[in-house]
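Residues per chain, in single letters:
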Amino acid sequence: MTSIQEVLSARGISVMDSILVTRELLGAGPEALGQAKTLVLTSPARQVERKQHQRLVEDLVDALEQT
């Protein structure tokens, strides 16, 4: 599954779309969505997106604390 995530990331497929593709590849069973989310978000190919997400969350928490 790692190589699939690398291909999706290299082709510029968004995280959300990658989760949907991965879910289908897993068979779209009841647990497939959670598994797909975990696979995509923990993939080394998505390191940049994880860092961007973390910065966004930190900025939002800071903004919330200032209000």
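Below or above, wherever it landed, is the structure these notes cover.

1. Side note on the packing of helix α2 (residues 15–26) against helix α3 (residues 32–41)
Interaxial distance between α2 and α3 falls to 8 Å at its minimum, and their mutual angle equals 125 degrees. Compared by their axis directions, α2 and α3 come out oblique. Our pair here, α2 against α3, has a crossing hand that is right-handed. On the side of α2, the interface is formed by Val15, Ser18, Ile19, Thr22, Arg23 and Leu26, while α3 contributes Ala32, Leu33, Gln35, Ala36, Lys37, Leu39, Val40 and Leu41.

2. Concerning a negative patch on the surface
A grouping of Glu58, Asp59, Asp62 and Glu65 is seen on the molecular surface, where their side chains present a negatively charged patch. Considering the arrangement of structural elements, one finds Asp59 in helix α4 (residues 47–66). What makes Asp59 exposed here is its relative accessible area of 52%.

Analysis parameters
- Residues numbered from 1 in each chain as written.
- Predicted model: local features only at pLDDT ≥ 70, side-chain atom pairs only at ≥ 80, totals over all residues.
- Heavy atoms only, no water.
- Axes fitted to C-alpha atoms, helices over the stretch in contact; angles between N-to-C directions.
- Helix = DSSP H or I, 4+ residues; strand = E, 2+ residues; numbered from the N terminus.
- Parallel < 35°, antiparallel > 145°, perpendicular 65-115°, else oblique.
- Left-handed = near helix turned anticlockwise from the far one by under 90°.
- Contact = heavy atoms within 4.5 Å.
- Patch = residues over 30% accessible without salt bridge, like charges linked within 9 Å, V, L, I, M, F, W, Y side chains within 5 Å.
- Areas by Shrake-Rupley, 256 points an atom, 1.4 Å probe, with all protein chains shown as cover.
- Salt bridge = Lys/Arg side-chain N within 4 Å of Asp/Glu carboxyl O.
- Lys, Arg positive; Asp, Glu negative; His and termini not counted.
- Charge placed at Lys NZ, Arg CZ, Asp CG, Glu CD.
- Buried < 20%, exposed > 50% of the residue type's maximum accessible area, 1.4 Å probe, protein only.

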